[in-house]
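Descriptive structure summary
Chain by chain, the residues run as shown.
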Amino acid sequence: MNNQKNMMHTLPVEAYTSKKWFDLEQEHIFSKTWQFAGLIEDVENAGDYISVQAGLNNIFVVKGRDNRLRAFHNMCRHRGTQLLRAVGKGQKAITCPYHDWTYDLEGKLVSIPKKEEEFPDLCNKELHECGLNLHEASVDIFKGMLFVHPDKNAPNIMTFFGEVEPYLGPHIPEELIEYQKNKDEPFYAKEINANWKIVVENYIDQYHLAHLHEGTLNMYDHAKAEFGWAGPHYHFYEPLVPEYLADIKNASPFPLIDKMPENKMGAYVPWLFPNIGITESESAWNTFHAIPLAPDRTLVVIRSKTMNVSEWEYTKQYTKSMTSKVWKTIGNKGKYEGDASDPMASGDFMAEDVYACEQQQKSLSSPFFSVGAQAQKGEFAVSKFQSVVKEWIEKHRNDA
Ligand SMILES: [Fe+2]
(Lines give C-alpha, C1' and ligand atoms only; values in the text may rest on other atoms or scores of the structure.)
Protein backbone atom coordinates (compact mmCIF):
# COMPACT_ATOMS: atom_id res chain seq x y z
CA MET A 1 0.00 0.00 0.00
CA ASN A 2 3.00 2.31 -0.14
CA ASN A 3 2.72 3.57 -3.67
CA GLN A 4 2.09 7.28 -4.19
CA LYS A 5 -1.54 6.75 -5.15
CA ASN A 6 -2.45 5.47 -1.70
CA MET A 7 -0.57 8.01 0.33
CA MET A 8 -1.84 11.16 2.04
CA HIS A 9 1.65 12.73 1.82
CA THR A 10 3.45 10.94 4.68
CA LEU A 11 0.79 8.53 5.96
CA PRO A 12 -1.09 5.87 4.00
CA VAL A 13 -4.76 6.56 3.24
CA GLU A 14 -5.51 3.58 5.45
CA ALA A 15 -4.42 5.66 8.47
CA TYR A 16 -7.60 7.70 7.91
CA THR A 17 -10.01 4.86 7.34
CA SER A 18 -9.00 1.68 9.17
CA LYS A 19 -9.79 0.36 12.62
CA LYS A 20 -6.24 -0.98 12.76
CA TRP A 21 -4.77 2.55 12.64
CA PHE A 22 -7.41 3.88 15.00
CA ASP A 23 -6.38 1.26 17.60
CA LEU A 24 -2.66 1.92 17.07
CA GLU A 25 -3.22 5.62 17.71
CA GLN A 26 -5.32 4.97 20.81
CA GLU A 27 -2.57 2.78 22.24
CA HIS A 28 0.57 4.60 21.17
CA ILE A 29 -0.51 8.26 20.92
CA PHE A 30 -3.54 8.99 23.10
CA SER A 31 -2.40 6.69 25.93
CA LYS A 32 1.11 8.17 25.88
CA THR A 33 0.55 11.93 25.82
CA TRP A 34 -0.86 14.64 28.08
CA GLN A 35 -4.57 14.73 27.29
CA PHE A 36 -6.86 17.75 27.70
CA ALA A 37 -9.42 17.11 30.45
CA GLY A 38 -11.08 20.47 30.99
CA LEU A 39 -10.55 23.89 32.54
CA ILE A 40 -9.30 24.47 36.08
CA GLU A 41 -12.65 25.92 37.14
CA ASP A 42 -14.32 22.55 36.40
CA VAL A 43 -12.82 21.25 39.64
CA GLU A 44 -12.95 24.30 41.84
CA ASN A 45 -13.85 22.82 45.24
CA ALA A 46 -13.02 19.73 47.26
CA GLY A 47 -14.89 16.74 45.86
CA ASP A 48 -15.40 18.24 42.39
CA TYR A 49 -14.37 15.84 39.65
CA ILE A 50 -14.19 15.46 35.91
CA SER A 51 -13.52 12.34 33.88
CA VAL A 52 -11.95 11.97 30.46
CA GLN A 53 -10.95 9.22 28.06
CA ALA A 54 -7.19 9.23 27.42
CA GLY A 55 -6.61 6.59 24.79
CA LEU A 56 -7.24 3.21 26.39
CA ASN A 57 -7.69 4.77 29.81
CA ASN A 58 -10.61 6.48 31.46
CA ILE A 59 -9.22 8.88 34.01
CA PHE A 60 -10.81 11.21 36.53
CA VAL A 61 -9.39 14.28 38.18
CA VAL A 62 -10.65 15.10 41.65
CA LYS A 63 -9.87 17.91 44.05
CA GLY A 64 -9.02 16.52 47.49
CA ARG A 65 -9.96 17.88 50.92
CA ASP A 66 -6.45 19.34 51.00
CA ASN A 67 -7.30 21.27 47.77
CA ARG A 68 -4.78 19.26 45.77
CA LEU A 69 -5.71 17.89 42.38
CA ARG A 70 -5.22 14.18 41.88
CA ALA A 71 -5.89 11.89 38.93
CA PHE A 72 -6.86 8.24 39.07
CA HIS A 73 -7.78 5.53 36.61
CA ASN A 74 -11.56 5.44 36.68
CA MET A 75 -12.04 1.79 37.56
CA CYS A 76 -12.79 -0.06 40.73
CA ARG A 77 -9.98 -2.34 41.92
CA HIS A 78 -12.56 -5.05 42.57
CA ARG A 79 -13.66 -5.91 39.03
CA GLY A 80 -12.89 -2.82 37.03
CA THR A 81 -16.26 -1.10 36.93
CA GLN A 82 -16.19 2.61 36.08
CA LEU A 83 -16.47 4.63 39.29
CA LEU A 84 -17.45 8.14 38.29
CA ARG A 85 -19.45 9.41 35.36
CA ALA A 86 -18.71 12.62 33.42
CA VAL A 87 -18.57 15.59 35.79
CA GLY A 88 -19.72 16.15 39.35
CA LYS A 89 -19.51 18.42 42.35
CA GLY A 90 -18.86 18.03 46.05
CA GLN A 91 -18.26 14.26 46.15
CA LYS A 92 -17.35 13.11 49.69
CA ALA A 93 -16.07 9.68 48.66
CA ILE A 94 -15.99 7.51 45.57
CA THR A 95 -18.22 4.46 45.65
CA CYS A 96 -18.34 1.84 42.92
CA PRO A 97 -21.95 1.31 41.82
CA TYR A 98 -21.39 -2.44 41.33
CA HIS A 99 -20.58 -3.74 44.85
CA ASP A 100 -20.20 -0.46 46.77
CA TRP A 101 -16.47 -0.63 47.32
CA THR A 102 -15.59 2.86 48.50
CA TYR A 103 -12.46 4.99 48.14
CA ASP A 104 -11.61 8.35 49.65
CA LEU A 105 -10.72 11.39 47.53
CA GLU A 106 -7.05 10.44 47.86
CA GLY A 107 -7.74 7.12 46.12
CA LYS A 108 -7.46 4.91 49.20
CA LEU A 109 -9.83 1.99 49.62
CA VAL A 110 -11.80 2.77 52.78
CA SER A 111 -14.69 0.32 52.90
CA ILE A 112 -15.87 -2.99 51.47
CA PRO A 113 -19.36 -4.27 52.35
CA LYS A 114 -19.31 -7.60 54.22
CA LYS A 115 -15.53 -7.53 54.39
CA GLU A 116 -15.14 -10.04 57.24
CA GLU A 117 -17.67 -12.45 55.77
CA GLU A 118 -16.66 -12.37 52.13
CA PHE A 119 -12.96 -11.53 52.09
CA PRO A 120 -11.20 -13.45 54.88
CA ASP A 121 -7.85 -12.87 53.13
CA LEU A 122 -8.18 -9.10 53.47
CA CYS A 123 -9.29 -9.20 57.10
CA ASN A 124 -6.03 -8.88 58.93
CA LYS A 125 -4.89 -5.71 57.25
CA GLU A 126 -6.08 -2.13 57.17
CA LEU A 127 -7.94 -1.79 53.87
CA HIS A 128 -5.60 0.84 52.44
CA GLU A 129 -2.68 -1.58 52.96
CA CYS A 130 -4.26 -4.30 50.82
CA GLY A 131 -2.74 -3.03 47.57
CA LEU A 132 -6.21 -2.26 46.21
CA ASN A 133 -6.12 1.54 46.23
CA LEU A 134 -6.97 3.28 42.96
CA HIS A 135 -4.30 3.33 40.28
CA GLU A 136 -2.82 6.79 40.14
CA ALA A 137 -2.45 8.84 36.97
CA SER A 138 -0.91 12.30 36.52
CA VAL A 139 -2.66 15.67 36.34
CA ASP A 140 -1.16 19.07 35.64
CA ILE A 141 -2.17 22.55 34.53
CA PHE A 142 -1.06 24.41 31.41
CA LYS A 143 -2.52 27.85 30.63
CA GLY A 144 -5.60 27.32 32.77
CA MET A 145 -6.26 23.93 31.17
CA LEU A 146 -6.24 20.59 32.98
CA PHE A 147 -4.27 17.81 31.39
CA VAL A 148 -4.04 14.18 32.46
CA HIS A 149 -1.51 11.50 31.64
CA PRO A 150 -2.23 7.80 32.22
CA ASP A 151 1.27 7.26 33.66
CA LYS A 152 1.61 8.33 37.30
CA ASN A 153 5.30 9.06 36.62
CA ALA A 154 4.65 11.11 33.47
CA PRO A 155 7.38 13.59 32.60
CA ASN A 156 6.65 17.16 33.76
CA ILE A 157 4.06 18.84 31.55
CA MET A 158 6.46 21.65 30.64
CA THR A 159 8.88 19.18 29.08
CA PHE A 160 6.01 18.51 26.67
CA PHE A 161 4.55 22.00 26.13
CA GLY A 162 7.52 24.18 27.08
CA GLU A 163 8.84 24.63 23.55
CA VAL A 164 5.57 25.94 22.14
CA GLU A 165 4.67 28.20 25.07
CA PRO A 166 6.59 31.29 23.82
CA TYR A 167 4.49 31.25 20.63
CA LEU A 168 1.12 31.34 22.41
CA GLY A 169 -0.90 34.53 22.83
CA PRO A 170 -0.45 36.91 25.77
CA HIS A 171 -3.88 35.84 27.09
CA ILE A 172 -4.39 34.84 30.72
CA PRO A 173 -7.26 32.33 30.45
CA GLU A 174 -7.60 32.12 34.25
CA GLU A 175 -8.82 35.75 34.25
CA LEU A 176 -11.45 35.17 31.57
CA ILE A 177 -14.83 33.54 32.09
CA GLU A 178 -16.59 30.89 30.09
CA TYR A 179 -18.98 32.27 27.52
CA GLN A 180 -22.22 30.32 27.36
CA LYS A 181 -24.58 31.24 24.59
CA ASN A 182 -27.16 28.78 25.82
CA LYS A 183 -27.29 27.54 29.43
CA ASP A 184 -28.56 24.07 28.39
CA GLU A 185 -25.70 23.58 25.94
CA PRO A 186 -22.69 25.14 27.60
CA PHE A 187 -20.20 24.00 24.97
CA TYR A 188 -20.24 23.88 21.21
CA ALA A 189 -20.05 20.19 20.33
CA LYS A 190 -20.18 18.85 16.81
CA GLU A 191 -19.68 15.36 15.48
CA ILE A 192 -17.79 15.47 12.21
CA ASN A 193 -17.81 12.58 9.76
CA ALA A 194 -14.07 12.59 9.22
CA ASN A 195 -10.95 11.09 10.75
CA TRP A 196 -9.49 13.21 13.57
CA LYS A 197 -6.32 13.82 11.52
CA ILE A 198 -8.33 15.39 8.70
CA VAL A 199 -9.77 17.78 11.30
CA VAL A 200 -6.28 18.59 12.61
CA GLU A 201 -4.85 19.01 9.12
CA ASN A 202 -7.62 21.43 8.25
CA TYR A 203 -6.91 23.42 11.42
CA ILE A 204 -3.19 23.76 10.66
CA ASP A 205 -3.50 24.29 6.89
CA GLN A 206 -2.72 27.93 6.13
CA TYR A 207 -3.26 27.53 2.37
CA HIS A 208 -7.05 27.22 2.63
CA LEU A 209 -7.67 30.35 4.72
CA ALA A 210 -7.82 32.80 1.83
CA HIS A 211 -9.81 30.34 -0.32
CA LEU A 212 -12.38 28.29 1.58
CA HIS A 213 -12.83 31.24 3.96
CA GLU A 214 -12.63 34.04 1.40
CA GLY A 215 -15.85 35.54 2.75
CA THR A 216 -15.52 34.68 6.44
CA LEU A 217 -12.07 35.31 7.89
CA ASN A 218 -11.21 38.63 6.30
CA MET A 219 -10.43 40.36 9.56
CA TYR A 220 -7.07 38.55 9.56
CA ASP A 221 -4.14 39.23 7.31
CA HIS A 222 -3.39 35.74 5.92
CA ALA A 223 -0.47 37.00 3.85
CA LYS A 224 1.29 38.02 7.08
CA ALA A 225 0.76 34.69 8.86
CA GLU A 226 3.77 33.38 10.81
CA PHE A 227 3.77 29.70 11.58
CA GLY A 228 6.03 26.79 12.33
CA TRP A 229 6.75 23.87 14.55
CA ALA A 230 7.97 23.64 18.17
CA GLY A 231 8.60 20.06 19.24
CA PRO A 232 5.48 18.03 18.27
CA HIS A 233 3.33 21.19 18.40
CA TYR A 234 2.33 23.67 15.72
CA HIS A 235 2.20 27.42 16.25
CA PHE A 236 0.46 30.05 14.14
CA TYR A 237 -0.11 33.77 14.36
CA GLU A 238 -1.59 36.30 11.97
CA PRO A 239 -2.30 39.99 12.58
CA LEU A 240 -5.54 41.85 12.01
CA VAL A 241 -5.97 43.65 8.69
CA PRO A 242 -5.35 47.42 9.19
CA GLU A 243 -8.93 48.31 8.28
CA TYR A 244 -10.32 46.06 11.03
CA LEU A 245 -7.69 47.10 13.56
CA ALA A 246 -8.53 50.78 12.99
CA ASP A 247 -12.15 50.17 14.03
CA ILE A 248 -11.52 47.30 16.47
CA LYS A 249 -13.12 49.00 19.50
CA ASN A 250 -16.42 49.11 17.64
CA ALA A 251 -16.14 46.12 15.31
CA SER A 252 -15.14 43.44 17.83
CA PRO A 253 -18.14 41.18 18.52
CA PHE A 254 -17.12 40.74 22.19
CA PRO A 255 -15.57 43.20 24.64
CA LEU A 256 -11.83 43.41 23.93
CA ILE A 257 -9.55 41.49 26.21
CA ASP A 258 -7.74 44.12 28.23
CA LYS A 259 -3.99 44.15 28.87
CA MET A 260 -3.56 43.22 25.19
CA PRO A 261 -1.31 45.74 23.45
CA GLU A 262 -2.45 46.68 19.92
CA ASN A 263 0.72 45.26 18.39
CA LYS A 264 -0.05 41.85 19.96
CA MET A 265 -3.59 41.66 18.60
CA GLY A 266 -4.47 39.08 16.00
CA ALA A 267 -5.16 35.37 15.97
CA TYR A 268 -2.91 32.88 17.73
CA VAL A 269 -3.98 29.44 16.58
CA PRO A 270 -1.61 26.78 17.91
CA TRP A 271 -2.20 23.05 17.75
CA LEU A 272 -0.96 21.12 20.78
CA PHE A 273 -0.13 17.52 19.93
CA PRO A 274 -2.00 15.35 19.58
CA ASN A 275 -5.54 16.70 19.71
CA ILE A 276 -6.13 20.10 21.24
CA GLY A 277 -6.09 23.41 19.43
CA ILE A 278 -6.29 26.82 21.07
CA THR A 279 -7.75 29.81 19.25
CA GLU A 280 -6.73 33.03 20.91
CA SER A 281 -8.02 36.31 19.53
CA GLU A 282 -8.38 39.93 20.64
CA SER A 283 -11.77 39.21 22.19
CA ALA A 284 -11.96 35.45 22.91
CA TRP A 285 -9.92 32.47 23.99
CA ASN A 286 -11.13 29.03 22.89
CA THR A 287 -10.16 25.41 23.26
CA PHE A 288 -10.80 23.19 20.24
CA HIS A 289 -10.73 19.56 21.37
CA ALA A 290 -10.83 16.95 18.61
CA ILE A 291 -11.84 13.60 20.10
CA PRO A 292 -11.52 10.55 17.83
CA LEU A 293 -14.67 8.42 18.03
CA ALA A 294 -14.10 6.04 15.10
CA PRO A 295 -11.81 5.96 12.03
CA ASP A 296 -14.26 8.26 10.24
CA ARG A 297 -15.87 10.14 13.13
CA THR A 298 -14.54 12.91 15.36
CA LEU A 299 -16.24 14.88 18.10
CA VAL A 300 -15.15 18.50 18.27
CA VAL A 301 -15.83 20.33 21.53
CA ILE A 302 -15.17 24.04 21.67
CA ARG A 303 -15.12 26.01 24.92
CA SER A 304 -14.92 29.79 24.79
CA LYS A 305 -13.77 32.31 27.33
CA THR A 306 -14.22 36.06 27.14
CA MET A 307 -13.73 39.12 29.33
CA ASN A 308 -15.27 39.01 32.79
CA VAL A 309 -17.64 41.96 32.33
CA SER A 310 -21.36 42.56 32.87
CA GLU A 311 -24.11 41.33 30.56
CA TRP A 312 -24.79 44.96 29.73
CA GLU A 313 -21.20 45.44 28.50
CA TYR A 314 -21.65 42.44 26.20
CA THR A 315 -24.87 43.75 24.75
CA LYS A 316 -23.36 47.19 24.23
CA GLN A 317 -20.34 45.73 22.41
CA TYR A 318 -22.52 43.45 20.28
CA THR A 319 -24.67 46.38 19.20
CA LYS A 320 -21.62 48.46 18.32
CA SER A 321 -20.21 45.56 16.33
CA MET A 322 -23.45 45.06 14.40
CA THR A 323 -23.44 48.68 13.28
CA SER A 324 -19.70 48.94 12.63
CA LYS A 325 -19.05 50.06 9.05
CA VAL A 326 -16.07 47.73 8.69
CA TRP A 327 -18.28 44.61 8.51
CA LYS A 328 -19.94 46.03 5.40
CA THR A 329 -16.67 45.62 3.53
CA ILE A 330 -15.05 42.54 5.10
CA GLY A 331 -17.71 39.93 5.77
CA ASN A 332 -19.29 37.59 6.64
CA LYS A 333 -20.26 36.24 3.25
CA GLY A 334 -20.61 32.64 2.12
CA LYS A 335 -18.30 31.10 -0.44
CA TYR A 336 -21.31 30.30 -2.61
CA GLU A 337 -24.57 32.16 -3.13
CA GLY A 338 -27.59 30.45 -1.67
CA ASP A 339 -29.57 29.44 1.35
CA ALA A 340 -27.86 29.85 4.75
CA SER A 341 -28.59 26.18 5.53
CA ASP A 342 -25.95 25.29 2.92
CA PRO A 343 -22.63 25.36 4.80
CA MET A 344 -20.92 26.88 1.80
CA ALA A 345 -23.41 29.74 1.74
CA SER A 346 -23.70 30.12 5.51
CA GLY A 347 -21.00 32.71 6.05
CA ASP A 348 -19.87 30.58 9.02
CA PHE A 349 -16.22 29.54 8.81
CA MET A 350 -16.70 26.54 11.11
CA ALA A 351 -19.47 25.19 8.85
CA GLU A 352 -17.15 25.67 5.86
CA ASP A 353 -14.39 23.68 7.59
CA VAL A 354 -16.71 20.85 8.62
CA TYR A 355 -17.98 20.64 5.05
CA ALA A 356 -14.45 20.49 3.59
CA CYS A 357 -13.36 17.80 6.10
CA GLU A 358 -16.38 15.59 5.44
CA GLN A 359 -16.06 15.88 1.68
CA GLN A 360 -12.39 14.94 1.86
CA GLN A 361 -13.11 11.90 4.05
CA LYS A 362 -15.76 10.72 1.56
CA SER A 363 -13.27 10.79 -1.29
CA LEU A 364 -10.80 8.55 0.54
CA SER A 365 -12.85 5.49 -0.37
CA SER A 366 -12.71 6.28 -4.08
CA PRO A 367 -10.28 4.13 -6.11
CA PHE A 368 -9.42 7.31 -8.01
CA PHE A 369 -8.30 9.21 -4.89
CA SER A 370 -4.78 10.58 -4.68
CA VAL A 371 -3.26 13.80 -3.44
CA GLY A 372 -2.05 16.08 -6.22
CA ALA A 373 0.72 18.34 -5.03
CA GLN A 374 1.56 20.00 -1.73
CA ALA A 375 1.88 23.75 -1.30
CA GLN A 376 5.43 24.30 -0.12
CA LYS A 377 4.62 26.89 2.54
CA GLY A 378 0.87 26.78 3.14
CA GLU A 379 0.57 23.01 3.47
CA PHE A 380 3.95 22.07 4.89
CA ALA A 381 2.35 21.66 8.33
CA VAL A 382 0.09 18.89 7.03
CA SER A 383 2.86 16.47 6.15
CA LYS A 384 4.89 17.54 9.20
CA PHE A 385 1.93 16.63 11.43
CA GLN A 386 1.68 13.26 9.69
CA SER A 387 5.39 12.66 10.35
CA VAL A 388 4.88 13.43 14.05
CA VAL A 389 1.98 10.93 14.20
CA LYS A 390 4.12 8.30 12.48
CA GLU A 391 7.16 8.91 14.68
CA TRP A 392 5.09 8.84 17.85
CA ILE A 393 3.54 5.49 16.97
CA GLU A 394 6.87 3.99 15.96
CA LYS A 395 8.64 5.23 19.09
CA HIS A 396 6.04 3.82 21.49
CA ARG A 397 5.62 0.63 19.55
CA ASN A 398 9.34 0.02 19.92
CA ASP A 399 9.22 0.89 23.64
CA ALA A 400 6.39 -1.57 24.23
FE1 LIG B 1 -10.58 26.57 8.09
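Residues numbered from 1 in each chain as written. Predicted model: local features only at pLDDT ≥ 70, side-chain atom pairs only at ≥ 80, totals over all residues. Heavy atoms only, no water.

1. Section: the pairing of strand E15 (residues 226–230)
With four of five residues buried, E15 lies mostly within the body of the structure. Pairing geometry for E15 and strand E16 (residues 233–238), over five bridges, is antiparallel. Across the sheet, residue tryptophan 229 finds its bridge partner in E16, namely tyrosine 234. The antiparallel pairing of E15 with E16 creates a hairpin that spans two residues between the two strands, and glycine 231 there sits at a positive phi of about 60°. (Buried < 20%, exposed > 50% of the residue type's maximum accessible area, 1.4 Å probe, protein only. Helix = DSSP H or I, 4+ residues; strand = E, 2+ residues; numbered from the N terminus. Pairing = 2+ DSSP bridges.)

2. Section: the pattern of salt bridges
Applying the stated rule across the entire model yields 17 salt bridges. The salt bridge involving glutamate 106 is made with arginine 65; its shortest N-O contact spans 2.5 Å. Of this pair, glutamate 106 sits in the loop between strand E9 (102–103) and strand E10 (109–111) while arginine 65 sits in the loop between strand E5 (57–63) and strand E6 (69–73), and the two are 41 residues apart along the sequence. What you see here is one network of salt bridges that share partners, running through Arg65, Asp66, Arg70 and Glu106. (Salt bridge = Lys/Arg side-chain N within 4 Å of Asp/Glu carboxyl O.)

3. Some thoughts on the coordination of the iron ion
In this structure, His208 (NE2), His213 (NE2), Asp353 (OD) and Asp353 (OD) serve as the protein donors to the iron ion, at separations of 2.0 to 2.5 Å. If you look at the iron ion, its four donor atoms make angles of 57 to 155° with each other, and the shape they trace is irregular. Of note, the donors binding the iron ion are all from one chain and are spaced H-x4-H-x139-D. Of the two residues examined, histidine 208 and histidine 213, each falls in the buried class. (Donors = N, O, S within 2.8 Å, 3.2 Å for Na, K, Ca; no water. Tetrahedral: all angles 85-135°; square planar, octahedral: opposite > 155°, others 65-115°.)

4. Some words on the sheet that holds strand E3 (residues 35–39)
Spatially, the seven strands line up as an open sheet ordered E3-E12-E11-E6-E5-E4-E7, and their pairing is antiparallel. Edge positions in the sheet fall to E3 and strand E7 (87–88), since each has one partner strand and no second. Relative to strand E12 (residues 145–149), strand E11 (residues 136–142) runs antiparallel, the two sharing five bridges. Each residue of the ladder has a partner; that of isoleucine 141, found in E12, is leucine 146.

5. Comments concerning helix H4 (residues 196–204)
Among the nine residues of H4, nine are classified as buried, and the element is accordingly described as predominantly covered. Those residues of H4 that sit buried are Trp196, Lys197, Ile198, Val199, Val200, Glu201, Asn202, Tyr203 and Ile204. The N-capping residue of H4, defined by a side-chain oxygen 2.8 Å from the backbone nitrogen of lysine 197, is asparagine 195. (Polar contact = N/O pair within 3.5 Å; in protein donor to acceptor, adjacent residues only side chain to side chain.)

6. Describing the packing of aromatic side chains
All told, the structure shown has 24 aromatic pairs when counted by the stated rule. Taken together, a centroid distance of 6.4 Å and an interplanar angle of 50° make the contact between phenylalanine 227 and tyrosine 234 tilted. There is no split in this pair, since phenylalanine 227 and tyrosine 234 are both buried. Measuring from centroid to centroid gives 5.4 Å for tryptophan 229 and tyrosine 234, while their planes differ by 55°, and the two rings are tilted. Residue class for tryptophan 229 comes out buried when judged on its relative accessible area of 18%. Residue classification places tyrosine 234 among the buried residues on the basis of a relative accessible area of 1%. Through a chain of ring-to-ring contacts, the aromatic side chains of Phe30, Phe36, Phe142, Phe147, Phe160, Phe161, Trp196, Phe273, Phe385 and Trp392 assemble into a single cluster. One cation-aromatic arrangement involves lysine 197 over tyrosine 16; the distance from NZ or CZ to the ring centre is 4.6 Å. (Phe/Tyr/Trp six-rings, centres within 6.5 Å; stacked < 30°, edge-to-face > 60°. Lys NZ or Arg CZ within 6 Å of the ring centre and 35° of its normal.)

7. Brief notes about the domain arrangement of the protein chain
In terms of domains, the protein chain is made up of domain 1 (35–157) and domain 2 (168–395). Distance from the C-alpha centre of domain 1 to the C-alpha centre of domain 2: 35 Å. Counting residues at the interface gives 12 residues for domain 1 and 17 residues for domain 2. Carbon and sulfur atoms supply 63% of the area buried between domain 1 and domain 2, which totals about 1100 Å² over both sides. (Domains from an automatic or database assignment. Contact = heavy atoms within 4.5 Å. Buried area = accessible area lost by both parts, 1.4 Å probe.)

8. Overview of the nonpolar core
Ranked by internal contacts, the top residues of the largest apolar core, which has 75 residues, are Met145, Phe147, Ile204, Tyr244 and Leu272. Two domains each put at least three residues into this core: domain 1 (35–157) and domain 2 (168–395). The residues contacting isoleucine 204, other than those within four sequence positions of it, are Trp229, Tyr234, Trp271, Ala381, Val382 and Phe385. Core analysis: the second largest hydrophobic core is formed by 19 residues, Cys76, Leu83, Leu84 and Leu127 among them. (Core = buried A, V, L, I, M, F, W, Y, C linked by side-chain atoms within 4.5 Å.)

9. Some points on the environment of glutamine 91
With respect to the secondary-structure elements, glutamine 91 resides in the loop between E7 and strand E8 (94–95). Under the relative-accessibility criterion, glutamine 91 is labelled partly exposed at 25%. When the C-alpha atoms of glutamine 91 and aspartate 42 are compared, they prove to be 13 Å apart, with 49 residues separating the residues in sequence. Among residues more than four places away in sequence, those in contact with glutamine 91 are Gly47, Tyr49, Leu84 and Leu105.

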